[in-house]
Protein chains: 6
Amino acid sequence: MRAHSRDNFGLRPVELRVGGNKFAEGTCLVEFGDTRVLTTCSVEERVPPHVMGTGAGWVTAEYGMLPRATKNRTRREAAAGKQGGRTLEIQRLIGRSLRAAIDLKGLGPRTLTVDCDVLQADGGTRTAAITGGFVAMVLALRTLKSRGTLAKVPTVTPVSAISVGMVGGEVLVDLDYPEDSSAQVDLNVIGMPDGKLVEVQGTAERHAFSRADLAAMLDAAETALLQLFAKQAEALE
Amino acid sequence: MRAHSRDNFGLRPVELRVGGNKFAEGTCLVEFGDTRVLTTCSVEERVPPHVMGTGAGWVTAEYGMLPRATKNRTRREAAAGKQGGRTLEIQRLIGRSLRAAIDLKGLGPRTLTVDCDVLQADGGTRTAAITGGFVAMVLALRTLKSRGTLAKVPTVTPVSAISVGMVGGEVLVDLDYPEDSSAQVDLNVIGMPDGKLVEVQGTAERHAFSRADLAAMLDAAETALLQLFAKQAEALE
Amino acid sequence: MRAHSRDNFGLRPVELRVGGNKFAEGTCLVEFGDTRVLTTCSVEERVPPHVMGTGAGWVTAEYGMLPRATKNRTRREAAAGKQGGRTLEIQRLIGRSLRAAIDLKGLGPRTLTVDCDVLQADGGTRTAAITGGFVAMVLALRTLKSRGTLAKVPTVTPVSAISVGMVGGEVLVDLDYPEDSSAQVDLNVIGMPDGKLVEVQGTAERHAFSRADLAAMLDAAETALLQLFAKQAEALE
Amino acid sequence: MRAHSRDNFGLRPVELRVGGNKFAEGTCLVEFGDTRVLTTCSVEERVPPHVMGTGAGWVTAEYGMLPRATKNRTRREAAAGKQGGRTLEIQRLIGRSLRAAIDLKGLGPRTLTVDCDVLQADGGTRTAAITGGFVAMVLALRTLKSRGTLAKVPTVTPVSAISVGMVGGEVLVDLDYPEDSSAQVDLNVIGMPDGKLVEVQGTAERHAFSRADLAAMLDAAETALLQLFAKQAEALE
Amino acid sequence: MRAHSRDNFGLRPVELRVGGNKFAEGTCLVEFGDTRVLTTCSVEERVPPHVMGTGAGWVTAEYGMLPRATKNRTRREAAAGKQGGRTLEIQRLIGRSLRAAIDLKGLGPRTLTVDCDVLQADGGTRTAAITGGFVAMVLALRTLKSRGTLAKVPTVTPVSAISVGMVGGEVLVDLDYPEDSSAQVDLNVIGMPDGKLVEVQGTAERHAFSRADLAAMLDAAETALLQLFAKQAEALE
Amino acid sequence: MRAHSRDNFGLRPVELRVGGNKFAEGTCLVEFGDTRVLTTCSVEERVPPHVMGTGAGWVTAEYGMLPRATKNRTRREAAAGKQGGRTLEIQRLIGRSLRAAIDLKGLGPRTLTVDCDVLQADGGTRTAAITGGFVAMVLALRTLKSRGTLAKVPTVTPVSAISVGMVGGEVLVDLDYPEDSSAQVDLNVIGMPDGKLVEVQGTAERHAFSRADLAAMLDAAETALLQLFAKQAEALE
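Reference entry: report on the structure contained in this document. All of these numbers come straight from a predicted model, not from anything done at the bench.

### Description of the sheet that holds strand S4 (residues 58-65) of chain E
All names here are of chain E.
Moving on, step 1. A sheet is described by the order of its strands in space; here five strands give the open sequence S1-S2-S3-S5-S4, paired in mixed fashion. Among the strands making up the open sheet, the edge pair consists of strand S1 (14-18) and S4. If you compare each strand with its neighbour and ignore which way they point, the axes differ by 20° on average.
Moving on, step 2. In this structure, S4 lies alongside strand S5 (residues 111-120), joined through eight bridges in parallel fashion. Bridging across to S5, Thr60 finds its partner in Thr113.

Dropping the structure here:
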C-alpha cells in the first residue's frame, strides 16, 4: 500500500487554499500530500520586448525552493549567485503551461508573473506549481476586473498537471519523493478538461519505455487530471 | 489608534508556531501581525575554516524574501544573481544575535544554519526572524539530543528582538510597514531576559535623535522583549 | 513541397561525419540540412561526487551555439556571464539521453563529456546533437579500448533523436526553423532501435493536442528514427 | 598603556589631509593612527530613480580595501566577482550617515558619490571613512559653488564617527585592531556637534552588555566626537 | 625539419575558405596547419556610446575556443561564468587590428562584430583570427553594398598577422603549439602590405631578447605577411 | 614645451618611495608626474597548481584603479562584479614582466603577489606599476631573508618599463594622459639594464608605423630605462 492509503492510481490529498497573501493579486497555496508550494500572481503594466506593440499580454513564471524544503538542506540559489538548470527548466515549463491557459490578447499589454515557491518538497513540485499557479492566475484576473483594470476577465481554459511514473513495472500516479527516486520512467502531463494535452515530458530514468507503457501512463494521467480540474473549480468558486 | 487596536507600546499579535516542516531539525513560523517569517534550523557535521580545530561549533543565518512578500513584487535575488546589501546586512545581524544565545563549545564541531524566509513583509522582518530563529535553533538542539548526536543540549540564553521607532515625536513599539516608512528614528534592539543587550542598531532616518530619545526607546524595547521571551518559552514548552 | 524536396515524413539530408578533430577521443560533425553541430567526446579519469565510490562512470553533455549560428547574431553566453535557460535545458536532455545509451558500470570510474557546439542552426539542433553525440561517444569508447584504458567497449544501445511537429494540422518530421516557428505542436522524440522510448517532450505552442495527434506524431518519429539508426551504424562502420 | 601613549578615552593621532587628488571635486585622506582611508567625493548630474522628479539630490558611498591594507592579504573583491557582506554593510552605513549631514533639497538634482578606499586598516576604518568623507563632501560642495554649478553651498551639519568598545570590562575609545579583536562590546557612534545621534550600532562580541555599559560608552563617544568636529573644522578652514 | 616539411621561415599550409555560414554577412574559415578558426562578420545598425553622434562606425571582435579545440578539454567559458583574461586580451587585439584596416567614417553609423571561434588550436590562433577576420569583414562590406545599405564599400587596407618566435636561438615563423611551448621569445606582428606595422607584441618567455633578435624576427615576419596578403587577395577575388 | 618642462625624451619627475605600508613584505609608492601607483608585495607559502612539485616559486600581479583615479569617476570593478579586459590585460603584463626578473627556482615553493593600485592616473600606469613593482618585490625578498624564510635572496635582474609614443610625427617619451590620447602610436617597452628586452607592445592608434619609427621609439626607450634603473637602485640602497 502506498503512503496516504492510496492505490496506484490515487492522488495524494490535494488542497488548493486561496488567499493567504495580502499583497498579491492572486494567491494559492497548493498541497499534494507533503509537497507544499506557495503560488502568487503579480501584475505589471508592461510587456517584454518580443510582445511589445502586439497589444497582447504575457505570462511568465519563476520557481524557487526554500533551502530546507528538501530532506537535506539545499544551497540557496541567491547565495550561489545563479539559478540552477533544474530551476530554469521547471520555470520555463510552468510559464509555457500557463500561457496556454489564457487568451493573451484578452489580457492586454500587461504581464502576469506567477511565483512558485516550494515550502516543502516531496515529489511533484512542478506539477503542483502548475495546478496551483492556474488558480492564482485566475484570481489575479478577477482582481484586475474588480479594480476596473480589465473590463472583463479574458478567456481561460483550465490547465492542471500530474506526474505519473513506472515503478517496478507498474504505473503509479502522483509519485512522492521516494517513489520518484525509484521510478524507471517519469512522465509529467499537463492537460485540459477536454482531454487535450498542453505538455508531455516523459523520461526513462533507468529503462526505456514502450509506446504501450506511454499509453498506460497517459490513461492514468487523464483520470487524475479530471480530479484536479474539479479541485480547481471548487477553489475558484 | 494604531492598527491591531494597540497603543504606542503594544506589540502586534505575535505567534510562534513550531513544527510545520517535516525535514528541518527545528522549525518556527513566526508572525508579528501581517509579517510572517518561516525559520528553519539545519545541522551540518562540519564547521567553517576559522572555527576548525577549536572544538567549538558555529551558527550562521541566511535571510530571503519571497518576491511577493512585499506590496510590489521584488525581483528574486536568485534571478538577479546576487544577494543585495540589505539581505546580507540582515543575515549577518541574525547570525551574530543567535551566536550570542548559545554556548558554541557545548554545541561541538557542527554548524547550525538558520534560514529565515519572509513569506509576507509588513515591517520588522529582521526582528521577527531573530525571535523565531531562536526557537527553531533550540528545537534543533533538542532534535540532536533525541537523536543521540548531542549528549546534552548546550546552554542557551534566550534572545529576542524588537523594533522601536519615533514617529511624530512619539516612541512606537513594533512598527508595521507604514509606521516604519514615516519614522524619524528606527531602532532594532536584540536583548536577553536579564535586560542585557546583544545588539542595538539605531538609525536617524530624517532627524538625529538625542540620548534621551534613545533611552526612551530602549525602555520601551525592554518591556516588549519581556513579552517576547514569554512567547518563546511558551512555544518551547 | 517542403525545402529539400521532401514530403511530410521525410528527413532533411543527414550527414554524420566522423573525425575532424585531432584532439578529441571521439568527434562527429552532424548535419540535418542546414543545421550543423560539432560533437566531441572527451574523457576524464574522475567522476562527479554523486557517483564516486560506486565503480560506475558518468556521461555529461554541454551545449553551446556560436553567436552567428542564428539568423540574427545571438549574444555570446561567455560574454553574458551565464548559460541561458534554453541552453541548460538542452544540455540536460542530451546528457540524460546519452546516459541511457551506455552501461555506466562497464564504463568504469571515468566521465565522458560530450560537447555539442552548434555551428549553424536551422531547427532541430538538440535532436541533431543527440544523434551525433551518440556517434562521438562510441568513437571515444573505441579510442579508450585501443589505448588499453578499457579492456572492452561497454555495452551501448543506440539512441537517436528526431523532432516532429504539427503545422497547419499536419504532421511534419524533422522541422526546419521556419516550420518550427509556425508549428502548433513541437515534439522531440528520443528512442532506441527496438522502438522503445528514452525521452518524449511534447509542447503545445499554440493549440493543445489530442492523444490521437500524439500517436500520429510518435508513429512518424518511429519511422524517422529507424533511418537515423542506419546512418549511425554506417558512420560507425 | 595603550599604543600611541593614550589613556582609555584618548583618540589615536588623527589627521584629515585635504586635497591630494587632482581630479575629485573633494578629497580627504584621513588617518586614525595606522588606519588610513582615502575619501574622494565625485559629482554626477543625475539622481537615482527613487529620487527622480523630487528636485532633491542624493549622496551615496562606496567602500573598499586594498588587498594589502590588512595584516594578511585579503582577496581583491573585483577578482572575487562581488563585494562582500561586510563591505556592503559598511558602505550603506557611510551613505546613510552622510545623507543625514546635508540638505538634499539644497543640493539639487545631482548625486555625490563618496568613495572610501582603505589604504591601511588598523581598526575603525568605517568611522574614519565617515569622518573624512564628511570633509570630502563639503569640499566638493565648495567646488560646485566655485564652478557656478551651485549658487550656494547647501546647509550641512557636521557628522563624525567614533568606535568605542569594552575590553576587560573597561570602556576604550577609538580601538585599534588588536583592541577590537579582543573587545567584548563594539559600538560605533555617529553623531553631530549638538550631541544628537545619527547612528548607533552596538554589538556584543562575547558578552551581552547592560544599559549602564551602553551609557558609559556613549558618554565616552560624545567627548571623542567633539574633538573630531574640531579636527574637521580645522581641515575645512 | 619542422612539421609540414617547412624550413624556419616557412608558413604552414594556409587556407582561407570564404562562405560556409548561411546567415553571416561575411564568413571565412581560416586554417594555418591544424589551427582552424571560424570567423564571421555581423552587422548591427547602431554604434557604442563613445562613437555615437560622430557619424563614424565601429568594429569589434569576440574570441572563443570550443572546449575541445585543445589537447586537453578546456572548461567552457559560458559555464565558468566569465571570459578569461587571455580571451579578453586576444579579442581586444583582434578588434584594434581590424579597426586599423577600415575607414570607420566610410562605414557610417553601424557596428561590425567579428566573431572568431577556434574549432581546433595548434598555435597561432590570434594571428589566424586576424588574418581570416579581415576577409570576413571585407565580405560583409560587400554584402552591405549589394543590399544597398552602403553606397560604396569604404576604403580598407589589408591587415594580416603572423607569429614569430625564437626557439633554440633560431628564428621560426608561424609556430605550432609544440614550438610555441618551447619558444624563448614569442612575437606577434600585425602589418600592412606597405610594410607598416599595426601592432607588435613581443614577449620574452624564458630569456630576454636583444634589439638584433627583434629585428631578425620582424624581417622574417615581413616576408610571411606578404604571403598572407596574397592569400587574402585570392580569397577575396 | 611639454608639461613638467621637459623635452621629447625627458621623463616626468619620478619618485619611488619605499615603505609606507606596515603590513606588506615590500611596498613602493611610485610616481611618474601625476600618475601615482601603490605597489605592495605579499608572500604566500604555496604555489599555483601548474608549478606544484617543481620546487620553483611563482610571481603574480593584480592591478586596480581607485574609482576616482581618473578624470571622471570610473565604476568600481568590485561593484560591477568583474575585472574588465583592460585590467586583466595589464595585470597579466605586469606578472610576466616581474617573473622575468627573478630566479623562480631560487624563490622556492612560494608565491609573490604584487598588487598595483592606481591612486591617480595620468598616463603610463602600467609602466609605473612594473617599475615600482620590481622594487616592492626586491624588498619582499629581503624581508623573507631577514625573517629567515629564505637563506639568501634569489638572483634578480632589474626590469623597468617606459611608455613611448609618436605624437604629430615626433617621438615622445613617458606620455601623460593628454599626450597618450592624441598619440598615433603607443609603445610600452619593458627592459633590462643590459639593453635586453622583456616585452615590447606597440599599437598603432591612428596610423600604422614603419620599422624606422619603431627603431626610433626603442632608442628613446633605452635611454629612459637607464634612468629608471638608476632610480630603482637608489630606492633599494
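Now that the structure has been shown, the text picks up again.
### Some words on the interface of chain F and chain D
A common way to state how big an interface is: give the accessible area lost once the parts meet.
Moving on, step 1. Between chain F and chain D, the contact holds 37 residues from the first and 37 residues from the second.
Moving on, step 2. Summing the contributions of chain F and of chain D, the shared interface buries around 2800 Å²; its carbon and sulfur component is 48%.
Moving on, step 3. If you sort the residues of chain F by the area they bury against chain D, Phe23, Arg68 and Arg76 of chain F come out on top, with a joint share of 27%.
Moving on, step 4. Taken together, chain F and chain D are joined by 16 salt bridges.
Moving on, step 5. With its nearest N and O atoms 2.8 Å apart, the salt bridge here joins Glu62 of chain D to Arg76 of chain F.
Moving on, step 6. Joining chain F to chain D, the criterion identifies 24 residue pairs in polar contact (both at pLDDT 80 or more).
Moving on, step 7. Broken down by secondary-structure element, the contributors of at least two residues to the side of chain F that touches chain D are strand S3 (35-44), strand S4 (58-65), helix H1 (77-80) and strand S5 (111-120) of chain F.
Moving on, step 8. It is S5 of chain F that provides the largest number of residues to the side of chain F that touches chain D, a total of six residues.
Moving on, step 9. When its residues are assigned to classes, the side of chain F that touches chain D shows 13 nonpolar, 10 polar and 14 charged.

### Observations regarding the state of the cysteines
Residue and element names in this part refer to chain E.
Moving on, step 1. As enumerated under the stated definition, the model contains zero disulfides over all chains in all.
Moving on, step 2. For Cys41, which is in no disulfide, the shortest distance to another cysteine sulfur is to Cys116 and amounts to 9.7 Å.
Moving on, step 3. Residue classification places Cys41 among the buried residues on the basis of a relative accessible area of 0%.

### A word on the pattern of salt bridges
Moving on, step 1. In total, this model carries 132 salt bridges over all chains according to the counting rule given.
Moving on, step 2. A salt bridge links Arg147 of chain D to Glu25 of chain D, with the nearest nitrogen and oxygen atoms 3.0 Å apart. Of this pair, Arg147 of chain D sits in the loop between helix H4 (125-146) and strand S6 (160-167) while Glu25 of chain D sits in the loop between strand S1 (14-18) and strand S2 (26-32), and the two are 122 residues apart along the sequence.
Moving on, step 3. Close ionic contact of Arg211 of chain E with Asp219 of chain F constitutes a salt bridge, the shortest N to O distance being 3.0 Å. Of the two residues, Arg211 of chain E is situated in helix H6 (residues 211-236) and Asp219 of chain F in helix H6 (residues 211-235); the pairing between them involves two chains.
Moving on, step 4. Asp219 of chain F sits in the partly exposed class, given a relative accessible area of 42%.
Moving on, step 5. Linked through salt bridges whose partners overlap, the residues forming this network are Arg2, Arg6, Arg12, Asp34, Asp122, Asp174 and Glu179 of chain A together with Lys22 of chain B.

### Section: the relation of the copies chain B and chain A
Moving on, step 1. Expressed as a screw operation, the relation of chain B to chain A combines 0.0 Å of axial shift with a rotation of 180°, fitting to an RMSD of 0.0 Å. The two molecules are tied by a two-fold rotation axis, judged by turn and shift. Taking the C-alpha atom as reference, chain B places Ala78 of chain B closest to the rotation axis, 1.9 Å from it.
Moving on, step 2. Most of the interface of chain B is mirrored in chain A: 100% of its interface residues are interface residues there too.

### Considerations on the pairing of strand S5 (residues 111-120) of chain A
Residues and elements named next belong to chain A.
Moving on, step 1. By the criterion of burial, S5 is predominantly enclosed, with 10 of the 10 residues buried.
Moving on, step 2. Across nine bridges, the pairing between strand S3 (residues 35-44) and S5 is antiparallel. When the bridges of S5 are listed, Thr40 appears paired with Asp115.

### Digging into the packing of helix H4 (residues 125-147) of chain E against H6 of chain E
Residue and element names in this part refer to chain E.
Moving on, step 1. For the pair H4 and H6, interaxial distance at closest approach is 10 Å and the crossing angle is 30°. Here H4 is positioned roughly parallel relative to H6, judged by the angle of their axes. Here H4 runs over H6; the crossing is right-handed. Residues Thr131, Phe134, Val135, Val138, Leu139 and Arg142 of H4 pack against Leu228, Gln232, Ala235 and Leu236 of H6.
Moving on, step 2. Taken together, the residues that form the contact of H4 with H6 break down as seven nonpolar, two polar and one charged.

### A few points about the sheet that holds strand S9 (residues 197-204) of chain B
Moving on, step 1. The sheet built from eight strands is open, its strands ordered S7(B)-S6(B)-S8(B)-S9(B)-S9(D)-S8(D)-S6(D)-S7(D) with antiparallel pairing. Two strands bound the open sheet, and with one partner strand each, they are strand S7 (170-173) of chain B together with strand S7 (170-173) of chain D. Across the sheet, the mean angle from the axis of one strand to that of its neighbour is 20°, orientation sign disregarded.
Moving on, step 2. Summarising the sheet, S6 of chain D and strand S8 (residues 185-191) of chain D pair through seven bridges and their orientation is antiparallel. From the neighbouring strand, Val164 of chain D faces S8 of chain D, where its bridge partner is Leu187 of chain D.

### Points about the interface of chain B and chain A
Moving on, step 1. Taken residue by residue, the interface counts 38 residues in chain B and 38 residues in chain A.
Moving on, step 2. Contact with chain A buries surface across chain B, with Phe23, Arg68 and Arg76 of chain B losing the most and accounting together for 27% of the total.
Moving on, step 3. One can count 16 salt bridges joining chain B with chain A.
Moving on, step 4. With its nearest N and O atoms 2.7 Å apart, the salt bridge here joins Arg68 of chain B to Glu25 of chain A.
Moving on, step 5. Between the two partners, chain B and chain A, sit 24 residue pairs in polar contact (both at pLDDT 80 or more).

### Notes on the pairing of strand S3 (residues 35-44) of chain D
All names here are of chain D.
Moving on, step 1. Here S3 lies mainly inside the structure; nine of its 10 residues are buried.
Moving on, step 2. Inspection of the sheet shows S2 paired to S3 by seven bridges, in the antiparallel sense. Looking at the pairing, Val30 lines up with Val37 of S3.
Moving on, step 3. Taken together, S2 and the strand that follows it, S3, pair antiparallel across an intervening segment of two residues, in which Gly33 is found at a positive phi of about 60°.

### A few points about unusual backbone geometry
Moving on, step 1. In this structure, Ser5 of chain B is a non-glycine residue whose phi angle is positive, near 45°.
Moving on, step 2. Of the residues examined, Ser5 of chain B reaches a relative accessible area of 64% and is grouped as exposed.
Moving on, step 3. Residues other than glycine seldom take positive phi values, yet His4 of chain C does so here, at roughly 65°.
Moving on, step 4. Of note, His4 of chain C is situated in the segment before strand S1 (14-18).

### Examining the environment of Arg110 of chain C
Residue and element names in this part refer to chain C.
Moving on, step 1. Mapped onto the elements, Arg110 comes out in the loop between helix H3 (104-107) and strand S5 (111-120).
Moving on, step 2. Remark: the alpha-carbon pair of Arg110 and Arg46, spanning 64 residues in sequence, is separated by 4.8 Å.
Moving on, step 3. Setting aside chain neighbours within four positions, we find Arg110 in contact with Val43, Glu44, Glu45, Arg46, Val47, Gly57, Trp58, Leu144, Thr149 and Leu150.
Moving on, step 4. At 2.7 Å, the side chain of Arg110 forms a polar contact with the backbone oxygen of Leu107.

Procedures and definitions
- Residues numbered from 1 in each chain as written.
- Chains lettered and ligands numbered in written order.
- Predicted model: local features only at pLDDT ≥ 70, side-chain atom pairs only at ≥ 80, totals over all residues.
- Heavy atoms only, no water.
- Pairing = 2+ DSSP bridges.
- Helix = DSSP H or I, 4+ residues; strand = E, 2+ residues; numbered from the N terminus.
- Axes fitted to C-alpha atoms, helices over the stretch in contact; angles between N-to-C directions.
- Contact = heavy atoms within 4.5 Å.
- Buried area = accessible area lost by both parts, 1.4 Å probe.
- Salt bridge = Lys/Arg side-chain N within 4 Å of Asp/Glu carboxyl O.
- Polar contact = N/O pair within 3.5 Å; in protein donor to acceptor, adjacent residues only side chain to side chain.
- Nonpolar A, V, L, I, M, F, W, Y, C, P; charged D, E, K, R; others polar.
- Disulfide = S-S within 2.5 Å.
- Buried < 20%, exposed > 50% of the residue type's maximum accessible area, 1.4 Å probe, protein only.
- Least-squares fit on C-alpha atoms with pLDDT ≥ 70 in both.
- Parallel < 35°, antiparallel > 145°, perpendicular 65-115°, else oblique.
- Left-handed = near helix turned anticlockwise from the far one by under 90°.

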